[in-house]
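# Geometric and topological summary
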Amino acid sequence: MSKKFKKNNISKSNIKDLQESRTGGQIALKGFTYQFLYSCYLILSTIDKDSFFYLEGIEDIDKISMNNNTHIQLKFSSQKQDASFLKSILKNYLEVYLLDKKNRNFKLVYDFNVAKGNLKKLFESNLDTESNKYWIKIIEEIKEENSNWNWRNFLYDDFISKLSFKKIEKNILSQKIEELLIKNYSIATDNISLFANAIKIFCLEKMENRGVITKEEFDKLVFKVKDDISKGSHNPAHSWIKKINFELKNNVEADYSYYEGKKPSYQDIIRGLPIKRDLLENDISKSIEKNRVTVIKSSSGQGKTTLAMKVAYDFRKEYTVYQILWCNDSKELSNIISYFSARVRIGERPLIIIDNLDSQLSEWNRLAQLFQNEVSYNYKLLITTREDDWYNYSGDLSNVKSLQVIKLSLSEREAQEIFQLLKKNNKLHSSIKDWRKSFRIIEEKKLLIEYIYLLTHGEMLSERINNQLTKIGATDTGKIKYEILRKICFADMCGVKISTNKLIDSLTEPTSQDYGELLKSIENEFFIRIDNVEKYIEGLHPIRSQHIVEKLHEFVDIEKTALQIVSIADSLYYPKLFSCFPKLIKNKEDFYMDLILKLWNKNNLSSYIDALHGVFSGSVLEYFLTNKNNFDDANQHGGLPLLVMDLNPFMKFDEINETLNTLDKIKKIEPDNKNIEYLVDLKNNIPKINLPKTDIYFLSKALYEYFKENDIFYITSDITSYAVIAYWLINIDSSFNLSNNISLKLLWEKCD
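Residues numbered from 1 in each chain as written. Predicted model: local features only at pLDDT ≥ 70, side-chain atom pairs only at ≥ 80, totals over all residues. Heavy atoms only, no water.

## Comments concerning the overall build of the chain
To keep it simple, the criterion reads: The way it works is that DSSP assigns letters per residue, a run of H or I at least four long becomes a helix, a run of E at least two long becomes a strand, and they are numbered from the N terminus. Radius of gyration: C-alpha atoms only; globule rule: 2.2 Å multiplied by the number of residues to the exponent 0.38. We call two residues contacting when some pair of their heavy atoms lies within 4.5 Å. Charge assignment in this entry is limited to Lys and Arg as positive and Asp and Glu as negative, and neither His nor the chain termini are counted. For this purpose, a charge sits on NZ of Lys, CZ of Arg, CG of Asp or CD of Glu.
When helices and strands are counted, the chain shows 37 helices and 17 strands. Taking 2.2 N^0.38 as the reference for a compact globule, 752 residues should give roughly 27 Å; the C-alpha atoms of the chain span a radius of gyration of 35 Å, well beyond that estimate. Over its C-alpha atoms, taken along the principal directions, the chain stretches across nearly 110 × 75 × 70 Å. Considering only contacts within the chain whose residues lie at least 6 apart along the sequence, 72% involve residues at least 24 apart. Counting 107 positive and 104 negative side-chain charges, the chain places the averaged centre of each group 7 Å from the other.

In structure tokens, the structure reads:
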């Protein structure tokens, strides 16, 4: 056993030593990088119309010309090499040479130190008698090992004359590639790295597929990248996509309002403010590495956005991080795809965040499908969503390949780890001594935002907000600030951003104060966030906003605020806004009649359709959440689709006197099936949907009452929307039949 072998098998004393000893993969990657960098350099420096290159052909690179072919092998090593290193390479060269002695040359390009002796003399074309004897001996050994090769007419001197050797250091290749691009293609230096990266990706793909590279193909690539760059500024997707630069802004005042329970910013991530959540961050990182699409899903206040930002920050050296701010028009998705296709072609690896699914991001599913079909590789999508938004906007997931959903929840183990971490960093409030007591206080909802606030402030977030609001109410500007907060925080709970100008125009409380100063004052008190670029206002976090809404509507009807938000919200948010009404509105019958009046526009009834979609979605979601444990139980027993079908109130067909009771029928067929029996009992114990008590019924009834007395052609020109509304109403209740209001005579006249 050699000393070297013994040394490598000495037992390691710790994990760090073991990790440092396992360098095989790292060495292989260095060699691979050297190979494809030199391929780029060689092609740029020598390609002409009469030559082309095979990558991973007979050798690492085969340069094919009309009268001469050169086979190039590349070797990188951090170790000094001697003559014993070359035998396997000479064997490869000889196999080719013996088949074609006339038109073949061989070249070794290397980056390592060469030991004195026979190898150095060969590399320097300085062979003496002893060196020639050594290499003749090596070739004789190869001949004996491969006697079946055609060695007839083999000439040692001729073969040696076909060999050449060149040392090029790996660390200068990138620079040489950029210099050649500037020289050969007159590329502006500020864009040079984009072209270089594109060429590297191009060569990498050719190596993978053992492809051929010609000058024509190479020129097309360079000019395609030029074209992409020139078109980039005209692509409207630029305004919907934000490139994330993880650089701490020196001119921005340190902002520690993160601990006041606001949504995190990228600056918060850079400062290291959020608590590290190793297990979840590791799960998300593994999913990104493995899948094209990773979805982080939970209720508000569990840290979805924070985790997405933190993981993106950790990946910042491997990926270029972007955030898509808007994708709700299927006709515009091609612009987003075009933007990122160009980024991938120039060598970027985009990690694209889609944060908090809502109506602005409703086409994410179709976008993900376009990515997988048209971009294909070198990109990742990282999506965050609340539970109810996932219900509304997830779409058909069967068409989205390579997707993983990660659900968040605050466990006792994580609660303890967070406590210890805050304690270590001196962030715990002096009154907090034990994590268990704090965890028990928030255990029912297990909201991370509430837990961290309690640990760092010594009180519940709701207590802090109540105290702040009490102080604000005692000031001269208390009433106007309360009105502002009611509207902004109600909208924030519903995932709606409010236009600054529309908010100001809607204010009714008198004040002598400047509105801009009022809003800044509320922002400084950690209640709202003002976007001065996009000109909108939102709450700091839906959980904070919920506490504020509850406090400020103790003696003010929430229905009044809801109708005010309908008046100032962008119609783009209507479906999302209306989907929140079933869980917020108490006086349902009067409210929905008022909503009909608020939305009336005789030339455009589409807002009513948005209301029907949104309220129906919210009604179903409320029923699901109320009975979630039962539905989860049914899913565990493999009967969720059957259970949902039987509970569906629209599975009763009065016209044919038939009601769908699939589980009961299966039980009759298989009376001894315990699982079916369990599912039947579960179905019988779940409260049935009382349709006349649901929000969608109240809305439908209000619409019917509003339209039933008038012929359609006398009240609106929007016949298409009216038809959709009529179809909805008769399906909710057959007595809500508006067909009698449609004059066939006038309809035919309109058609003419």
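## Considering the packing of helix α21 (residues 478-493) against helix α25 (residues 558-568)
Note the threshold: Here, axes are lines fitted to C-alpha atoms. For helices the fit covers the stretch in contact, and angles between N-to-C directions go from 0 to 180 degrees. Relative orientations are named as follows: roughly parallel for angles under 35 degrees, roughly antiparallel for angles over 145 degrees, roughly perpendicular for angles from 65 to 115 degrees, and oblique for any other angle. We call Asp, Glu, Lys and Arg charged. Ala, Val, Leu, Ile, Met, Phe, Trp, Tyr, Cys and Pro are nonpolar, and the rest, Gly among them, are polar.
The N-to-C vectors of α21 and α25 enclose an angle of 80 degrees; their axes lie 10 Å apart at closest approach. As far as their axial angle goes, α25 and α21 are roughly perpendicular. Where α21 abuts α25, its residues R486, K487, F490 and A491 lie against I558, T561, A562, Q564 and I565. Of the residues contributing to the contact of α21 with α25, the split by class is 5 nonpolar, 2 polar and 2 charged.

## Focus on α25
Where we set the bar: Using a 1.4 Å probe on the protein chains alone, a residue whose accessible area is under 20% of its type maximum counts as buried, one over 50% counts as exposed, and one in between counts as partly exposed.
Summarising burial for α25: 8 of the 11 residues are buried, a large majority. When α25 is considered as a whole, its buried residues turn out to be I558, E559, T561, A562, L563, I565, V566 and I568.

## Some words on the pairing of strand β4 (residues 104-111)
Which entries qualify depends on this criterion: Clockwise travel from the first strand over the helix to the second, with the strands pointing away from the viewer, marks a crossover as right-handed.
Taking burial as the measure, the 8 residues of β4 include 7 buried ones, the bulk of the element. Of the crossover connections in this fold, the one passing from strand β3 (residues 69-76) over helix α4 (residues 87-97) to the parallel β4 is right-handed.

## Notes on the packing of aromatic side chains
The criterion, for reference: Geometry of aromatic contacts follows a simple scheme: Phe, Tyr and Trp rings, the Trp one being its six-membered ring, pair when their centres are within 6.5 Å, and the pair is stacked under 30 degrees between planes, edge-to-face over 60, tilted otherwise. A ring is considered to have a charge above it if a Lys NZ or an Arg CZ atom is located within 6 Å of its centre and within 35 degrees of its normal.
The final tally for this structure, using the stated rule, is 42 aromatic pairs. Three or more aromatic residues joined by ring pairs make a cluster, and in this case those are Y93, Y97, F106, W149, W151, F154 and F159. Above the ring of Y313, the side-chain terminus of R316 is found at 3.8 Å from the ring centroid. Above the ring of Y319, the side-chain terminus of R349 is found at 4.4 Å from the ring centroid.

## Concerning the nonpolar core
Definition in use: In these notes, a set of buried Ala, Val, Leu, Ile, Met, Phe, Trp, Tyr and Cys residues joined through side-chain atoms within 4.5 Å is what counts as a nonpolar core.
Judged by nonpolar contacts, the single largest core of 77 residues is most densely connected at F490, F581 and L595. Ranked by the residues each element gives to this core, the list is headed by α21, at 9 residues. Counting 33 residues, the second-largest nonpolar core is a separate cluster that includes L37, F53, I213 and F218.

## Notes on the pattern of salt bridges
Here is the rule: Here, a salt bridge means any Lys or Arg side-chain nitrogen found within 4 Å of an Asp or Glu carboxyl oxygen.
Tallying each qualifying case throughout the model produces 28 salt bridges. Of the charged contacts in the structure, one is a salt bridge between D664 and K683, with a shortest N-O distance of 3.0 Å. Of this pair, D664 sits in helix α32 (residues 662-669) while K683 sits in helix α33 (residues 674-685), placing them 19 residues apart in sequence. Overall, the relative accessible area of 4% leaves K683 in the buried class. Among the salt bridges present, the one from E677 reaches K674, with a minimum N-O distance of 3.9 Å. With E677 and K674 both in helix α33 and 3 residues apart, the pair spans about one turn of that helix. A single salt-bridge network, built from bridges that share partners, covers K276, D278, E281 and K310.

## Details of unusual backbone geometry
Leave glycine aside and you will find that most residues have negative phi; peptide bonds, for their part, are mostly trans. Residues other than glycine seldom take positive phi values, yet S376 does so here, at roughly 75 degrees. Mapped onto the elements of the fold, S376 is located in the loop between α15 (364-375) and β11 (380-386).

## Some details on the side chain of H553
Counted only if it meets this: Think of a polar contact as two N or O atoms within 3.5 Å of one another; within protein, one of them needs to be a possible hydrogen donor and the other a possible acceptor, and neighboring residues in sequence only count if both atoms come from side chains.
By the element assignment, H553 lies in the loop between α24 (542-552) and α25. Reaching out from H553, the side chain makes a polar contact with the backbone oxygen of V549 at a distance of 2.8 Å. Setting aside residues up to four positions removed in sequence, H553 forms contacts with R486, I558 and T561.

## Describing the packing of helix α17 (residues 412-424) against helix α19 (residues 448-457)
Basically, it comes down to this: For a crossing to be left-handed, the near helix must be turned anticlockwise from the far one by less than a right angle; the clockwise case is right-handed.
Orientation of α17 relative to α19, taken along the N-to-C sense of each, is 35 degrees, at an axis distance of 11 Å. Crossing angle aside, the handedness with which α17 passes α19 is right-handed. Across from A415, Q416, I418, F419 and L422 in α17, the residues of α19 making contact are L448, Y451, I452, L455 and T456. When the residues that make up the contact of α17 with α19 are grouped by side-chain class, the tally is 8 nonpolar, 2 polar and no charged.

## Observations regarding the sheet that holds strand β1 (residues 52-55)
Convention followed: Should DSSP find at least two bridges between two strands, the strands are regarded as paired.
Across the sheet, which stays open at both edges, the 6 strands sit in the order β5-β4-β3-β2-β1-β6 with mixed pairing between neighbours. In the strand order of this sheet, the two ends are held by β5 (163-167) and β6 (212-214), each with one partner. Strand-to-strand twist in this sheet, taken as the mean axis angle between neighbours without regard to direction, amounts to 20 degrees. Note that β1 and β6 share 3 bridges and pair antiparallel. Residue F52 lies in a different strand from β6, and its bridge partner there is T214. Here α4 sits on the sheet and contacts β3, β4 and β5; the angle it forms with β4, its principal contact strand, is near 160 degrees.

## Section: the sheet that holds strand β13 (residues 498-499)
Strand pairing in a sheet relies on backbone hydrogen bonds, with the paired strands running either antiparallel or parallel. Spatial strand order, β13-β15-β14: 3 strands in an open sheet with antiparallel pairing. Each of the sheet's edge strands pairs with one partner strand only, and the pair in question is β13 and β14 (528-531). Taken together, the 4 bridges between β14 and strand β15 (residues 536-539) define a ladder with antiparallel strand orientation. Looking across to β15, one finds that R529 is bridged to E538.

## Remarks on α17
Turn by turn, an α-helix covers 3.6 residues, leaving residues three or four places apart pointing in a common direction. What counts here: One fewer than the residue count of a helix, multiplied by 1.5 Å, yields its expected span. Think of the arc as the fan of directions from the helix axis to the C-beta atoms.
Taking 1.5 Å per residue, 13 residues should reach 18 Å; α17 reaches 18 Å between its end C-alpha atoms and fits that length. When we look at burial in α17, the residues that qualify are E414, A415, I418, F419 and L422. Mapping the buried residues of α17 onto a view down its axis gives an arc of 140 degrees, with all of them on the same face. Facing away from the buried side of α17, by more than 90 degrees, are the exposed residues R413 and K424. Where α17 is buried, its residues touch α12 (278-290), α18 (435-442) and α19. Count one or two residues on from α17 and you reach N426, which has phi positive near 60 degrees.

## Points about the confidence of the model for the chain
Under the convention used in this document: pLDDT runs from 0 to 100 and stands for how confident the predictor is about each residue.
With 90% of its residues at a pLDDT of 70 or more, the chain has an overall mean of 86. Summarising per-element confidence for the chain, the mean pLDDT is lowest in helix α1 (residues 3-8) (43) and highest in strand β10 (residues 350-354) (97). A low-confidence stretch, residues 1-7 (pLDDT under 50), is modelled with 1 contact involving residues beyond four sequence positions or located in other chains.

## Points about the environment of E622
Turning to its location among the elements, E622 is positioned in helix α29 (residues 606-626). Exposure remark for E622: the relative accessible area of 26% places this residue in the partly exposed category. Separated by 325 residues in the primary sequence, E622 and K297 have C-alpha atoms spaced 18 Å apart. Discounting residues that sit within four places of it in the chain, E622 has contacts with P582 and K583.

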